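Descriptive analysis of the structure
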Amino acid sequence: MIKEEKIEFMSKWCKYSKYKIEKNNNILYVLPDENAVPITYDPFEIKNDILKDLMIIGEMVNGDETIKFTNTNLTYEAKSKTKEFQKVVLDFVSKYGLLGNFRYFPKNFDFLEKDNEISYSSKLDSSLSIIDFEQRYFWPDKKIDWSKKMTVNDLHRNSGLDANLIQVEGDRLNDFIFSKNYAEPISEIIDFAESVYVTKGVIGTYLYGNLEPDLKEFYAETILNQEVYKINFKYGIENGKIKFQWNFHSLRAAINAMLLLNETNGRTEVRLCKYCGKPFIAENLKAEYDTTTCRNKANIANTRKRKNK
Ligand SMILES: [Zn+2]
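It should be emphasised that the depicted structure is a prediction, and the values quoted were computed from it without experimental measurement.

1. Quick notes on the overall build of the protein chain
A count of helical and extended segments in the protein chain gives 12 helices and 10 strands. Considering the protein chain as a whole, with its 309 residues, one finds that 28% of them fall into the buried category. When contacts within the protein chain are restricted to residue pairs at least 6 apart in sequence, those whose partners lie at least 24 apart make up 61%.

Given below as structure tokens:
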């Protein structure tokens, strides 16, 4: 008899051994260092760390009161210019790689093969031309001819890797987003981190908050409207075992799936501290606080509340 359902998942992502921050057109980017080498890893083996580390950046944004009174896109730009955010974003990317927004934002990839219009997911300005979109993510390299748009077979121009390296590291490196010329604006990573943190908070409030029915309905709508898409899967084989292999087109899509799994697998290992709101990995099912300091502070606050009644 099968007592426990256990699916053997596998997935592959690529990162570089070293990243750097550079400025272009007054926008700060993270991109691979010239001497960095590619490394493949399975993001699902460390999904809790990825979620927690990303939400720590989100919590830093969310905890800042000024964001509520300003244009959020400008705020992410402003944050990308601070040492504090540059450090945490560079740390995150050095551990897990770039998000793959070039794969995430377009609704389809026809534009690479044909001269089609490009349509983007809701997060990106829909008036961005194809060339502008490509220039947003590919580092201005003298060898790249920007008078023409890129094509699917344009690996030599865009990968910055030689054929031997591609073969050694496997098929995923054939993708544009693993190019050494591929860069992402720091502001986009901060923006995504905050949106994941906010989603996690919304789910928590929906489940445990004391909400009036109308407000509960509103929270439910927000949860149901979350983008989790473009994920496919196939048979995989690893160490002679048949595996359920996820094919993610971007780390961003993988992280959306990680949060969905975290919230629905019955254990919810990555949680937000009930006192300070910081994300942490729960070591047991009952854990509600990230530190004993927060647990003690919460106990004192609760005792006070009871006394005042
Ligand atoms: Zn705490």
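Still to come is the rest of the account.
2. A word on the environment of N181
Residue placement: N181 occurs in the loop between α8 (163-169) and β6 (184-185). Using a count of 19 C-beta atoms within 10 Å as the deciding quantity, one classes N181 as partly exposed.

3. Focus: the sheet that holds strand β8 (residues 241-248)
With respect to topology, three strands assemble into an open sheet ordered β1-β8-β7, the strand pairing being mixed. Each having just a single partner strand, β1 (9-10) and β7 (231-238) make up the two edges of the open sheet. With two bridges joining them, β1 and β8 adopt parallel strand pairing. Residue pairing in the sheet places F9 in a bridge with F244 of β8.

4. A few points about the sheet that holds strand β4 (residues 27-32)
Taken together, three strands build an open sheet; the order of strands is β3-β4-β6 and the sheet is antiparallel. Each end of this open sheet is capped by a strand with a single partner; those strands are β3 (19-24) and β6. As defined by bridge partners, β3 adjoins β4 across six bridges and the pair is classed as antiparallel. Bridge pairing in β4 links I21 to V30.

5. Remarks on the packing of helix α1 (residues 47-62) against helix α3 (residues 83-96)
Look at α1 against α3: their axes get within 10 Å of each other, and the N-to-C directions meet at 165°. Judged by the angle between their axes, α1 and α3 are roughly antiparallel. α1 and α3 meet at a crossing whose hand is left-handed. Taken together, the residues of α3 that come into contact with α1 (itself represented by I50, D53, L54, I56, I57 and M60) are V88, V89, F92, K95 and Y96. Across the contact of α1 with α3, the residue classes tally to nine nonpolar, no polar and two charged.

6. A few points about the nonpolar core
Counting 46 residues, the largest nonpolar core has V30, L54, V89, Y182, I190, A193 and I255 as the members making the most contacts within it. Counting only elements with at least two residues in this core, the list comes to β2 (13-16), β4, α1, α3, α4 (101-104), α9 (186-208), β8 and α11 (251-264). It is α9 that contributes the most residues to this core, seven residues altogether.

7. So, the packing of α9 against helix α10 (residues 213-224)
The relative placement of two packed helices comes down to the angle between their axes together with the axis-to-axis distance. The interhelical angle for the contact between α9 and α10, taken along N-to-C directions, is 140°, at an axis separation of 10 Å. Between α9 and α10 the crossing geometry is left-handed. On the side of α9, the interface is formed by V202, I203, T205 and Y206, while α10 contributes K216, Y219, A220, T222 and I223. Residue classes in the contact of α9 with α10 are distributed as six nonpolar, two polar and one charged.

8. Here we look at the pairing of β4
Taken together, β3 and the strand that follows it, β4, pair antiparallel across an intervening segment of two residues, in which N25 is found at a positive phi of about 50°. Pairing analysis gives two bridges linking β4 to β6, with the strands arranged antiparallel. Bridge pairing links Y29 to P185 in β6.

9. Section: the pairing of β8
Taken together, the eight bridges between β7 and β8 define a ladder with antiparallel strand orientation. Its bridge partner being in β8, I237 is matched across the sheet by I242. Between β7 and β8, which pair antiparallel one after the other, the connecting turn spans two residues, and N239 there sits at a positive phi close to 50°.

10. Quick look at unusual backbone geometry
Although it is not a glycine, N26 adopts a positive phi angle of roughly 65°. With respect to the element layout, N26 can be found in the loop between β3 and β4. Phi is positive for N239, close to 50°, though the residue is something other than glycine. Mapped onto the elements, N239 comes out in the loop between β7 and β8.

Definitions and cut-offs
- Residues numbered from 1 in each chain as written.
- Predicted model: local features only at pLDDT ≥ 70, side-chain atom pairs only at ≥ 80, totals over all residues.
- Helix = DSSP H or I, 4+ residues; strand = E, 2+ residues; numbered from the N terminus.
- Buried ≥ 20, exposed ≤ 12 C-beta atoms within 10 Å, placed from the backbone.
- Contact = placed C-beta atoms within 7 Å.
- Pairing = 2+ DSSP bridges.
- Axes fitted to C-alpha atoms, helices over the stretch in contact; angles between N-to-C directions.
- Parallel < 35°, antiparallel > 145°, perpendicular 65-115°, else oblique.
- Left-handed = near helix turned anticlockwise from the far one by under 90°.
- Nonpolar A, V, L, I, M, F, W, Y, C, P; charged D, E, K, R; others polar.
- Core = buried A, V, L, I, M, F, W, Y, C linked by C-beta atoms within 7 Å.

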